[in-house]
2 protein chains.
Amino acid sequence: MIAVDVGGTDIKAALFDESGRMLGLSRTPTPRNGELTALSVIYRVEELRLQFAVTFPAVLPRAVGLLVPGVVDDDAGIGVLSTNLQWANVPFKQLTEELIHLPTTFSHDVRAAGEAEFRLGAARPFRNVVVLVIGTGIAGSLFIDGHAHTGGGYAGEIGHAIIDPAGPLCGCGSRGCLETIASAGAIVRRYEQRTGARLRGAREVLALAEAGDVAATAVWSEALDALALSITQLAAILAPEAVVIGGGLAQAGEKLFVPLRERVSTLLSFHRQPLIVPASIGENAGLLGGALRARDLVS
Amino acid sequence: MIAVDVGGTDIKAALFDESGRMLGLSRTPTPRNGELTALSVIYRVEELRLQFAVTFPAVLPRAVGLLVPGVVDDDAGIGVLSTNLQWANVPFKQLTEELIHLPTTFSHDVRAAGEAEFRLGAARPFRNVVVLVIGTGIAGSLFIDGHAHTGGGYAGEIGHAIIDPAGPLCGCGSRGCLETIASAGAIVRRYEQRTGARLRGAREVLALAEAGDVAATAVWSEALDALALSITQLAAILAPEAVVIGGGLAQAGEKLFVPLRERVSTLLSFHRQPLIVPASIGENAGLLGGALRARDLVS
């Protein structure tokens, strides 16, 4: 299987064997071509397939798993919307199959990562579980009674659940979305706005907070409060057995998970308290999920 | 079918024929017997069955649909928790079947009302829909990809989704739950707290707000804001096609629905905008849902 994960900056592509072992991985900048970006991306997928054919001449891929960001309708195979990559209603699955002549499965990058966690990772013990990926933004995938729930591509947008209607303006146009407060990107941005400092990542905000920096402590604490509140919303609405958290912010480990669990436990009462656990598959979870879905197509 | 809806004040019982037509309806106070309340309720169900046997001697009920409030595990047939009626982990389904010798289905009052709306009412056109019942409290039932999602009895507790962690203390022990701000009960209570007046219902608060009363306007507006925020949470997390609202507050009609739709539409951006529509079955939706579930048992 070939899995291709299209991000805002890079495209990652990997070749997997039947057992789910990664044979090769390549990374290439995401082409930017205005309103033709979607087509450029599909041609780039074909280039990547050819590169793998050269590097691994003995491996004949049988299916493609293509993942893109934004609003994605998995079932229809359509990229509904990416404001960042400037496409709307692109029939990615059909166009890719026509160009590459391989069965193609099409999904959202975070949902594919969630699927890998659900089938092989930290979410595997649960039938009702939410997988959150917290990085530049925040997105989630929902598994309800053992099945992924996509809501036509609109479900699991926990980064755009509104925490505070008077909060910061979000790139999506709403105010006070969770990811304007609690994403790794927001944590850096909010610290920089308050202090004028320039940082390289949320890791530095956490280090400053641990060293007693007042602004860093406030920003980190507000992020935890917002995340905890969103998890209580999930608990009241969906009652998942667990919330699995991956992405860059989860690298903070127990410095994230311990105070987050405390906050959620304090806020909830009779609700089903979800376990809050780190993702286990790592940064290539999306690619692995894409490969699993591609394998489903041909097995 | 006999459907019995156990409320905090009254038990409503109804006899339905195979086509779902209600043949008879009776109402009796909910017995209060401390820790034995659950058993008293089950004996009351048997009494109600005998009453129907006397009144409708030609009708032989084939199944019972029993509905109770609180946390209810439909699948296991267990009343997990009712702080109001003082029970925990009562195997209602089993006990009722042993006493009454009729197949019994067991569910939550609001979920049964939701099921009636989903199968026969305003939620029927949708596969992904949330039915909210707003009265003394607020509860919801979730239908996801055409199936009810109960989360072991803990899902759909939208009245206990936290809107403001610094908000009013809720009966459940949390702070700022939606129903402390936006239930019909809360609307009356909050107006009374601010003014010292005594009212008979939320309807009066709405009338006062329309007449320009400042406190009533504020209380009504805060309730709408909180409801709108909860609906945006549903949109971001679950992306339902529609939110159907029933219960006493929905009697306000367009005075509720018009400003609520406006607020939700203003708050959301790219999210899937749910239709917000009134329930259509009325106050006996719970009984009808119980009867439908009972009929499923024997057909």
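In the block above lies the structure referred to throughout.
Every value quoted in this text rests on a predicted model; they were computed, and no experiment measured them.

## Details of the pairing of strand β12 (residues 242-246) of chain B
Residues and elements named next belong to chain B. Of all five residues that make up β12, five are buried, and the element is covered over most of its length. Residues Ala 242, Val 244 and Gly 246 of β12 are buried on one face, and the alternating residues Val 243 and Ile 245, pointing to the opposite face, are buried as well. Of the pairings in the sheet, the one linking strand β9 (residues 129-134) to β12 comprises five bridges and is parallel in character. Paired with Leu 132 across the strands is Ile 245, a residue of β12. Both β12 and strand β13 (residues 275-278) contribute to a ladder of four bridges, which runs parallel. Within β13, the residue paired with Val 244 across the bridge is Val 277. Tracing the backbone out of β12, into helix α8 (residues 254-267) and back to the parallel element β13 gives a crossover that is right-handed.

## What to know about the environment of Pro165(A)
For Pro165(A), the position within the fold is in the loop between β11 (147-149) and α4 (179-182). It is 23 Å that separates the C-alpha atoms of Pro165(A) and Val133(A), two residues lying 32 residues apart in sequence. What Pro165(A) contacts, discounting residues up to four positions off in sequence, is Arg175(A), Leu229(B) and Leu267(B).

## Observations regarding the packing of helix α7 (residues 214-237) of chain B against α8(B)
Residues and elements named next belong to chain B. Interaxial distance between α7 and α8 falls to 9 Å at its minimum, and their mutual angle equals 50°. The angle between the axes of α7 and α8 places the two elements in the oblique class. For the pair α7 and α8, the crossing hand works out as right-handed. From α7, Trp 220, Ser 221, Leu 224, Asp 225, Leu 227, Ala 228, Leu 229, Ile 231 and Thr 232 reach across to α8, where they touch Lys 255, Leu 256, Pro 259, Leu 260, Arg 263, Val 264 and Leu 267. When the residues that make up the contact of α7 with α8 are grouped by side-chain class, the tally is 11 nonpolar, two polar and three charged.

## Observations concerning the relation of the copies chain A and chain B
One copy of the chain maps onto the other through a rotation about an axis followed by a shift along the same axis. Superposition record for chain A on chain B: RMSD 0.0 Å, screw rotation 180°, translation along axis 0.0 Å. In short, the pair behaves as if placed about a two-fold rotation axis. For chain A, the minimum C-alpha distance to the rotation axis belongs to Gln233(A) and amounts to 3.8 Å. Comparing contact sets, 97% of the residues at the interface of chain A also lie at the interface in chain B, consistent with an isologous, same-surface contact.

What counts, and at which threshold
- Residues numbered from 1 in each chain as written.
- Chains lettered and ligands numbered in written order.
- Predicted model: local features only at pLDDT ≥ 70, side-chain atom pairs only at ≥ 80, totals over all residues.
- Heavy atoms only, no water.
- Buried < 20%, exposed > 50% of the residue type's maximum accessible area, 1.4 Å probe, protein only.
- Helix = DSSP H or I, 4+ residues; strand = E, 2+ residues; numbered from the N terminus.
- Pairing = 2+ DSSP bridges.
- Right-handed = clockwise from strand over helix to strand, strands pointing away.
- Contact = heavy atoms within 4.5 Å.
- Axes fitted to C-alpha atoms, helices over the stretch in contact; angles between N-to-C directions.
- Parallel < 35°, antiparallel > 145°, perpendicular 65-115°, else oblique.
- Left-handed = near helix turned anticlockwise from the far one by under 90°.
- Nonpolar A, V, L, I, M, F, W, Y, C, P; charged D, E, K, R; others polar.
- Least-squares fit on C-alpha atoms with pLDDT ≥ 70 in both.

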